[in-house]
There are 4 protein chains.
Amino acid sequence: KNRGILLVRCPDQPGIIAAVSRFLFQYSANIIDSSQYSTNPEGGDFFIRIEFACEDLQQKKEEIKTSFKAIAENFSMDWKMNFPSEVKRTAIFASKELHCLRELLFEWQSGDLITDIAVVVSNHETARELVEGFGIPFVHIQASKENRSEAEAAQLKILQDYEIDVIVLARYMQILTPAFVEAHPKQIINIHHSFLPAFVGARPYDRAYQRGVKLIGATAHYVTNDLDEGPIIEQDIERVNHRDNIENMKKIGRSIERRVLARAVKWHLEDRIIVDGNKTIVF
Amino acid sequence: KNRGILLVRCPDQPGIIAAVSRFLFQYSANIIDSSQYSTNPEGGDFFIRIEFACEDLQQKKEEIKTSFKAIAENFSMDWKMNFPSEVKRTAIFASKELHCLRELLFEWQSGDLITDIAVVVSNHETARELVEGFGIPFVHIQASKENRSEAEAAQLKILQDYEIDVIVLARYMQILTPAFVEAHPKQIINIHHSFLPAFVGARPYDRAYQRGVKLIGATAHYVTNDLDEGPIIEQDIERVNHRDNIENMKKIGRSIERRVLARAVKWHLEDRIIVDGNKTIVF
Amino acid sequence: KNRGILLVRCPDQPGIIAAVSRFLFQYSANIIDSSQYSTNPEGGDFFIRIEFACEDLQQKKEEIKTSFKAIAENFSMDWKMNFPSEVKRTAIFASKELHCLRELLFEWQSGDLITDIAVVVSNHETARELVEGFGIPFVHIQASKENRSEAEAAQLKILQDYEIDVIVLARYMQILTPAFVEAHPKQIINIHHSFLPAFVGARPYDRAYQRGVKLIGATAHYVTNDLDEGPIIEQDIERVNHRDNIENMKKIGRSIERRVLARAVKWHLEDRIIVDGNKTIVF
Amino acid sequence: KNRGILLVRCPDQPGIIAAVSRFLFQYSANIIDSSQYSTNPEGGDFFIRIEFACEDLQQKKEEIKTSFKAIAENFSMDWKMNFPSEVKRTAIFASKELHCLRELLFEWQSGDLITDIAVVVSNHETARELVEGFGIPFVHIQASKENRSEAEAAQLKILQDYEIDVIVLARYMQILTPAFVEAHPKQIINIHHSFLPAFVGARPYDRAYQRGVKLIGATAHYVTNDLDEGPIIEQDIERVNHRDNIENMKKIGRSIERRVLARAVKWHLEDRIIVDGNKTIVF
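The secondary structure content of chain A amounts to 8 helices and 13 strands. By its C-alpha atoms, chain A is 60 × 40 × 35 Å across when sized along the principal axes. The 283 residues of chain A split such that 60% are buried. Counting contacts in chain A only where the partners sit at least 6 residues apart, residues at least 24 apart contribute 67% of the total.

Printed below as a string of structure tokens:
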């Protein structure tokens, strides 16, 4: 496709859009979609996502990227320019509960998730048949508190071998080490089975049941080294009532988890998310 | 009306419904609606709400109540029998933010909230015109940390003078003393402006904004002496995004708060709620 | 399991619950859950669903059914008594779009849909691999306007051979003949890809797009001989906006369709639905 | 305030944003927010809403408007430039059901609806006290099938006297003549008490009840001369079940109607809506 996506963050000031749009116009690029946000028009931060179409983009794209640097410098921009034709490569980490993995595989098979699911890594064999049925490599890496560094070394090798851009923790349930997380900033997406910041940590459905809440939720977020404190990408909820025991809450929760995670991954793959400190801007 | 409502809680065992329904049948009462719940059919607690219709109920109701005691004893029941014709008397406590108070007044005026709103108490004059416009007495009682016991003495007198059954804290914003709360068990309903247990305590919208959540909520609960820890009656949420600053979250939040509180008060007035420890069963 | 479910419909009058609950008590059956509804306590229709637990139910169940006939006659009841241990047998009819079929298969595999999926019938080969991967027989029966009677004869044979209780049309897309429908009253569940009664008939997403609606929906209903007019079991919606073209609406729609159909099938399998003319009562 | 809003519609082509943003930059205007949409980047229609801030806008605004004409002509634009400081003047038409009127008055009083509510017109006296209590003129104009032209003449005079920009039909329940509607294109907002296109016309809740739907809705739309067929601005729904009779559906419906209408009016007042044939683009 002849599409490009420009993501920018810089101090707000007049003239940014004029400069960027003139730049694109010079390359005969048509702005297809654009969303912007400013934390404060006076002295705040400015964020923009521009999707453009351009004939012969494949030939021109390196030149466009190179010549954009002048503008970027001028406005002190953090920026990246991606091309949907360069499909991102995803690794899914799973464990024994497969509903999130399945949802991703099916969205992918239906063409609703544009990525190469390059490999599925799991600390159990449970998902092998499902994954291989889709023609996707499945790698079993035993992982637990005890062998964390060894396991992560094996995982890192897989990520390199498969040239992975995005890691999705589809109910992976193992803690990652700071080193692992820092090596993949804004690249690891996790699904937490509660409406954060309620019920941070383990066993959220049990605690939701004990507290007698009337809604339960799930939260997709980027992984940072503060447990369940990373930038939230998406959340959703469902209604429960006094009849719903913990088992039932988990069932209902599964349907929330899988749709929340699928949405978050989709937005990430479409370059719709800019991380701003501990928050996300989702265009 | 010839309607009665029976609320029961007792240890579960076979034969409860048979006994209660035969009892009502003996008084020619027709069971109009009935909902039940058991925490565990074997050794758990059993809860039931029965709404019945009965000709000449006004004449018979004392006799029915008296003769029900035998069954209640037999099954070790906690129970109450209420009659919708004996309309509950409500006091609303308000402060400067009036959206919840207004919602209650309008639902009441539209006939959607069956109660006598006997008095509105506030620590500010802001609501006087609104309240008196509805022909409802408005009492200003200055209240702050400094004069808490004095203020509560004045409030208690008002509650007695007006023979109040239900106290609704419609964004009242003042802490009540343990003595006040204990004097009104399961009678005080509060609206907290967050999706509990997230953001317990003060300034929840500010904290929701800081955390970058994608949904904000409100929670109606019975007041106990553990701040924001009382049994939850109802919760709801709305979606927000990165564009919503704190001011905007408050606006969106107001519409959640008023509908959540209105629902909770309505269910309480219709005797639909049984408190079970720190949870509610809403039939 | 020692569980039974009684579904009753009869003219409302006092004493029904007393009679039924005494009857169950005589067999030492404990009422686990019960929901009732009356169109009008005076002269209306009464509906009740009772779930009961009873030791040695397997031995007693025929006797219970037989002796209940006296009560049923007395109150002019339409009734049935089912036992969850007698698992219903389901046939799924599919075509080329597999999202609804997949959802049902996965809910079934996760244990969230208690049934035997005995066979999947399709007029295309598309689903064969998926279905057989679950160890379920897949039967391809070519079906079109031209060979309808021939195709239905083959389908009926399959339904008989597999002793089917429930037929789920998971986006089957073919019209069934009146004879076929009448042979399976309240046994065929269809998913229509619109919020009925909006967009009855073909190509609902195209028409939703043309009309510029802001929400799209899906409807699960029992199939009758009036196209898209059968009793509605469940509906749900998602928000769309001007950016969503027809293709996008279909994507969003798929996620609504599959969850609406899965819920409806689940309620049917749990004997939660009583059909009342052109409506459903879902307990 | 120093804010301006530019709404544009024109054939899509590269360079539009470059031209517009350079234009604004020349006046030292900072683009605060901008949303765009194209029906098709090649040969389709392009829509954009730009909100800009500019010092001394009051002095410059006529000049900006005048000099924008050159660009507008160049790109064959339909456009308008509004200034939030020029507050729109609203007339609300009401009848006997006041929930929508009340919601608008309270949103307005809370500062959530930025407009001058200049007058309320009604064919009944019901709302007089409420309206005058807010210090807003109330005009009673008897209206029915019989005196339609006479009534509309009186209404038109009021609209002129009060220099009205927006007419909100807050459950006004009277049909307007084609002449009246044509005189106010895209200026009249109505709330229809169903999820259009389901239940076009009269008595939608009765028909929803008869059909046995599981969700009911409301629709805010611009009024055209095709009954209930005007461009939809906003819709929302609530869940109902078999227990909800027509009266109950109306109650639930009231809460949907008022929030849907309030949102639509708000978006209109904020110049967020562009009408595109029979659809709306809501930025």
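Continuing now.
Our next topic: the state of the cysteines. Scanning the entire structure with this criterion turns up 0 disulfides over all chains. A disulfide-free cysteine, B:Cys54 has its sulfur positioned 20 Å from the sulfur of C:Cys10, the nearest such atom. No disulfide involves B:Cys100; its sulfur sits 20 Å from the nearest other cysteine sulfur, which is in D:Cys100. Looking at B:Cys100, the relative accessible area reads 1%, which means it is buried.

Further remarks concern the interface of chain D and chain C. In this assembly, 34 residues from chain D lie in contact with 34 residues from chain C. Taken over both partners, the interface formed by chain D and chain C buries close to 2900 Å², and the fraction arising from carbon and sulfur atoms is 52%. Scanning the region where chain D abuts chain C turns up 6 salt bridges. Inspection of the chain D/chain C interface yields 22 residue pairs in polar contact (both at pLDDT 80 or more). For the side of chain D that touches chain C, the elements supplying multiple residues, two or more each, are strand S2 (30-38), helix H7 (204-211), strand S11 (232-239) and strand S13 (279-282) of chain D. Among the elements that line the side of chain D that touches chain C, the one with the most residues is S11(D), at 7 residues. Each residue belonging to the side of chain D that touches chain C can be placed in one class, and the counts come to 15 nonpolar, 9 polar and 10 charged.

Rotating chain B by 180° and moving it 0.0 Å along the rotation axis overlays it on chain A with an RMSD of 0.0 Å. Expressed as a symmetry operation, the mapping of one chain copy onto the other fits a two-fold axis. For chain B, the residue whose C-alpha comes nearest the rotation axis is B:Ala198, separated from it by 2.2 Å. A share of 100% of the interface residues of chain B reappears at the interface of chain A, consistent with the copies meeting face to face through the same patch.

With that out of the way, let us pick up the domain arrangement of chain A. Residue and element names in this part refer to chain A. Domain boundaries assigned for chain A yield domain 1 (3-82) and domain 2 (89-282). Summarising the inter-unit geometry, the C-alpha centres of domain 1 and domain 2 are found 31 Å apart. If you look at the interface, domain 1 gives 11 residues, while domain 2 gives 9 residues. Of the roughly 750 Å² buried at the junction of domain 1 and domain 2 (both faces included), carbon and sulfur atoms supply 53%. Ranking the residues of domain 1 by area buried against domain 2 places Leu7, Phe47 and Arg49 at the top, with a combined share of 51%. In this structure, the salt-bridge partner of Arg9 is Asp276, at a minimum N-O distance of 3.0 Å. Put simply, the parts of the chain that give the side of domain 1 that touches domain 2 at least two residues each are strand S1 (3-11) and strand S3 (45-53). In the side of domain 1 that touches domain 2, the residues fall into 6 nonpolar, 2 polar and 3 charged.

With that out of the way, let us pick up the relation of the copies chain D and chain C. The two copies are related by a screw motion: chain D maps onto chain C through a turn of 180° and a shift of 0.0 Å along the axis, at an RMSD of 0.0 Å. Comparing interface residues between copies, 100% of those in chain D also sit at the interface in chain C, which points to an isologous, same-surface contact.

A separate point is the packing of helix H3 (residues 99-109) of chain B against helix H8 (residues 246-269) of chain B. All names here are of chain B. Two elements in contact, H3 and H8, have axes separated by 9 Å at closest approach and are oriented at 45°. With respect to H8, the element H3 is oriented oblique. When the axes of H3 and H8 are compared, the crossing they make is right-handed. Residues His99, Cys100, Glu103, Leu104 and Glu107 of H3 lie in contact with H8, whose contacting residues are Arg254, Glu257, Arg258, Leu261, Ala262 and Val265. In the contact of H3 with H8, the residues fall into 5 nonpolar, 1 polar and 5 charged.

Moving on to the sheet that holds strand S9 (residues 188-192) of chain D. Residues and elements named next belong to chain D. The strand order S7-S6-S5-S8-S9-S10-S11 describes an open sheet built from 7 strands, whose pairing is mixed. Only two strands of the sheet have a single partner each, and these edge strands are strand S7 (138-140) and S11. Between one strand and the next, the sheet's axes are offset by a mean angle of 20°, whatever the strand orientation. Where S9 and strand S10 (residues 215-222) come together, 4 bridges link them in antiparallel fashion. Its bridge partner being in S10, Ile189 is matched across the sheet by Tyr222.

What follows covers the pattern of salt bridges. Summed over all chains, the structure comprises 110 salt bridges over all chains. Measuring nitrogen to oxygen at the nearest pair gives 2.3 Å for the salt bridge that ties B:Glu103 to D:Arg258. Highlighted residues: B:Glu103 in helix H3 and D:Arg258 in helix H8 (residues 246-269), drawn from two different chains. Connected through shared salt-bridge partners, A:Glu97, A:Arg171, A:Lys251, A:Arg254, A:Glu257 and C:Asp112 make up one network.

In this section: unusual backbone geometry. If a residue is not glycine, its phi is most likely negative; likewise, a peptide bond is most likely trans. Of note, the bond from A:Leu196 into A:Pro197 is cis; its omega dihedral lies within 30 degrees of zero at 10°. Here A:Pro197 lies in the loop between strand S9 (188-192) and helix H7 (204-211). Unusually for a residue other than glycine, B:Arg203 sits at a positive phi of about 55°. Examined against the element boundaries, B:Arg203 turns out to sit in the loop between strand S9 (188-192) and helix H7 (204-211).

Further remarks concern the environment of D:Asp244. Residue and element names in this part refer to chain D. Tracing the backbone shows Asp244 in the loop between S11 and H8. With a relative accessible area of 11%, Asp244 lands in the buried category. Taking C-alpha positions, Asp244 is 23 Å from Leu261, a pair spaced 17 residues apart along the chain. Those residues in contact with Asp244 that sit more than four places away from it in its chain are Tyr209, Met249 and Ile252. From its side chain, Asp244 meets the backbone nitrogen of Asn241 in a polar contact 2.8 Å long.

Residue and element names in this part refer to chain B. Turning to its location among the elements, Val200 is positioned in the loop between S9 and H7. Overall, the relative accessible area of 28% leaves Val200 in the partly exposed class. Sequence separation between Val200 and Lys250 is 50 residues, and the spatial gap between their C-alpha atoms is 16 Å. Sequence-distant contacts of Val200, that is, excluding residues within four places in its chain, are made with His192, Arg207, Leu227, Asp228 and Glu229.

On to the nonpolar core. If you look at the biggest cluster of nonpolar residues, it comprises 183 residues, and the most contacted ones within it are A:Leu101, B:Leu101, C:Leu101 and D:Leu101. Excluding its chain neighbours within four sequence positions, the residues that come into contact with A:Leu101 are A:Ile92, A:Ala94, A:Val120, A:Ala127, A:Leu130, A:Val131 and A:Ala170.

The subject of this paragraph is helix H5 (residues 148-161) of chain A. Residues and elements named next belong to chain A. For H5, with 14 residues, the first-to-last C-alpha span of 20 Å sits near the 20 Å given by 1.5 Å per residue. Among the residues of H5, Ala151, Glu152, Gln155, Ile158 and Leu159 are the ones counted as buried. Buried residues of H5 fall within an arc of 115° about the axis and therefore sit on the same side. Those residues of H5 that are exposed and aimed more than 90 degrees away from the buried face are Ser149, Glu150 and Gln160. Where H5 is buried, its residues contact strand S5 (89-94), strand S6 (116-122), strand S7 (138-140), strand S8 (166-170) and helix H6 (178-182). Glu163 sits one or two residues past H5 and shows a positive phi near 50°.

Let us look at the packing of aromatic side chains. Residue and element names in this part refer to chain A. Under the defined criterion, the tally for this structure stands at 36 aromatic pairs over all chains. Consider the rings of Phe93 and Tyr172, whose centres lie 5.3 Å apart with planes at 75°: the pair is edge-to-face. Note that Phe93 is positioned in strand S5 and Tyr172 in the loop between S8 and H6, a separation of 79 residues in sequence. Comparing Phe93 with Tyr172, the two get one shared label, buried.

Parameters at a glance
- Residues numbered from 1 in each chain as written.
- Chains lettered and ligands numbered in written order.
- Predicted model: local features only at pLDDT ≥ 70, side-chain atom pairs only at ≥ 80, totals over all residues.
- Heavy atoms only, no water.
- Helix = DSSP H or I, 4+ residues; strand = E, 2+ residues; numbered from the N terminus.
- Buried < 20%, exposed > 50% of the residue type's maximum accessible area, 1.4 Å probe, protein only.
- Contact = heavy atoms within 4.5 Å.
- Disulfide = S-S within 2.5 Å.
- Buried area = accessible area lost by both parts, 1.4 Å probe.
- Salt bridge = Lys/Arg side-chain N within 4 Å of Asp/Glu carboxyl O.
- Polar contact = N/O pair within 3.5 Å; in protein donor to acceptor, adjacent residues only side chain to side chain.
- Nonpolar A, V, L, I, M, F, W, Y, C, P; charged D, E, K, R; others polar.
- Least-squares fit on C-alpha atoms with pLDDT ≥ 70 in both.
- Domains from an automatic or database assignment.
- Axes fitted to C-alpha atoms, helices over the stretch in contact; angles between N-to-C directions.
- Parallel < 35°, antiparallel > 145°, perpendicular 65-115°, else oblique.
- Left-handed = near helix turned anticlockwise from the far one by under 90°.
- Pairing = 2+ DSSP bridges.
- Core = buried A, V, L, I, M, F, W, Y, C linked by side-chain atoms within 4.5 Å.
- Expected span 1.5 Å × (residues − 1).
- Arc of directions from axis to C-beta.
- Phe/Tyr/Trp six-rings, centres within 6.5 Å; stacked < 30°, edge-to-face > 60°.

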